[in-house]
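# Reading the structure
Residues per chain are reported as follows:
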Amino acid sequence: MAGIERIGVSLEKELLGAFDKLIAEKGYQSRSEAIRDLIRQQLNDNRLTNDKAEAVAAVVLVYDHHATAIMERLTELQHSHVLKTISSLHVHLDHHDCLEVIVLRGKVGEINKMGEKLISIKGVKLGRVNLLANEGL
Ligand code: NI
């Protein structure tokens, strides 16, 4: 394959054994694919420490739709913010609770700020911002 370089890595037997066991459990077909993913994960994690790096995020929220004006507040925040809301998904979990996934694109710092605003809305029971760097991978 063009642009591919082969590298050799020296490892202790025990460490290699533990790695092989782990990647077999995860379903990797080869060490190369597992190592590529580990490197990408490290690069991604490192990029996400920079507030100005470009990223995408899935903000996952669970909230009680009976809570006062929560739906309006959620929509208002998505419309008003400088960040691009790419998409959102709504699932009615049960009589009270809804799950909302809001996909955002922007800079890491802005996404985190928006995520915190969404999670802190009254009536939101659980929330998480799942960030991925979207360049250089
Ligand atoms: Ni609902």
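Look up: the structure comes first, before these words.
A quick note: this is a predicted structure, and the numbers were derived from the prediction, not measured. (Residues numbered from 1 in each chain as written. Predicted model: local features only at pLDDT ≥ 70, side-chain atom pairs only at ≥ 80, totals over all residues. Heavy atoms only, no water.)

### A look at the overall build of the protein chain
Along its length, the protein chain carries 4 helices and 4 strands. Starting at the N terminus and walking to the C terminus, you meet the elements of the protein chain as α-α-β-α-β-β-α-β. The C-alpha radius of gyration of the protein chain comes to 20 Å, more than 25% above the 14 Å expected for a compact globule of 137 residues. Across its three principal directions, the C-alpha atoms of the protein chain cover 60 × 35 × 25 Å. When the 137 residues of the protein chain are sorted by exposure, 26% land in the buried category. Of all intrachain contacts in the protein chain linking residues separated by at least 6 positions in sequence, the fraction that spans at least 24 positions is 66%. Accessible surface, the protein chain as shown: approximately 9,800 Å² in total, 54% of it carbon and sulfur. Both charge centroids of the protein chain, one from 18 positive and one from 19 negative side chains, sit 3 Å from each other. (Helix = DSSP H or I, 4+ residues; strand = E, 2+ residues; numbered from the N terminus. Rg over C-alpha atoms; globule rule 2.2 N^0.38 Å. Buried < 20%, exposed > 50% of the residue type's maximum accessible area, 1.4 Å probe, protein only. Contact = heavy atoms within 4.5 Å. Areas by Shrake-Rupley, 256 points an atom, 1.4 Å probe, with all protein chains shown as cover. Lys, Arg positive; Asp, Glu negative; His and termini not counted. Charge placed at Lys NZ, Arg CZ, Asp CG, Glu CD.)

### Examining the coordination of the nickel ion
Donor atoms from the polypeptide that coordinate the nickel ion comprise H90 (NE2), H92 (ND1) and C98 (SG), at 2.0 to 2.3 Å from the metal. Each donor residue of the nickel ion belongs to the same chain, with the gaps between them written as H-x1-H-x5-C. Judged by relative accessible area, C98 falls into the buried class, the value being 2%. (Donors = N, O, S within 2.8 Å, 3.2 Å for Na, K, Ca; no water.)

### Describing helix 4 (residues 108-119)
Between its terminal C-alpha atoms helix 4 stretches 16 Å, which fits the 16 Å expected from 12 residues at 1.5 Å a residue. Three or more residues of helix 4 are buried, namely V108, G109, I111, M114, G115 and L118. Contacts from the buried residues of helix 4 go to strand 1 (54-64), helix 3 (70-80), strand 3 (97-107) and strand 4 (124-133). (Expected span 1.5 Å × (residues − 1).)

### Let's talk about the packing of helix 3 against helix 4
For the pair helix 3 and helix 4, the least separation of the axes is 10 Å and the interaxial angle reads 165 degrees. Here helix 3 is positioned roughly antiparallel relative to helix 4, judged by the angle of their axes. Handedness of the crossing formed by helix 3 with helix 4: right-handed. Note on element contacts: helix 4 touches helix 3 through M114, K117 and L118, opposite L74, L77 and Q78. Its residues assigned to classes, the contact of helix 3 with helix 4 comprises 4 nonpolar, 1 polar and 1 charged. (Axes fitted to C-alpha atoms, helices over the stretch in contact; angles between N-to-C directions. Parallel < 35°, antiparallel > 145°, perpendicular 65-115°, else oblique. Left-handed = near helix turned anticlockwise from the far one by under 90°. Nonpolar A, V, L, I, M, F, W, Y, C, P; charged D, E, K, R; others polar.)

### Brief notes about a nonpolar patch on the surface
There is a patch of nonpolar side chains on the surface, built from I7, V9, L11 and L15 and spanning about 410 Å² of accessible area. Mapped onto the fold, I7 is located in the segment before helix 1 (13-26). (Patch = residues over 30% accessible without salt bridge, like charges linked within 9 Å, V, L, I, M, F, W, Y side chains within 5 Å. Salt bridge = Lys/Arg side-chain N within 4 Å of Asp/Glu carboxyl O.)

### Remarks on the environment of A2
With respect to the secondary-structure elements, A2 resides in the segment before helix 1. As for A2 and I86, which are separated by 84 residues in sequence, their C-alpha atoms are 34 Å apart.

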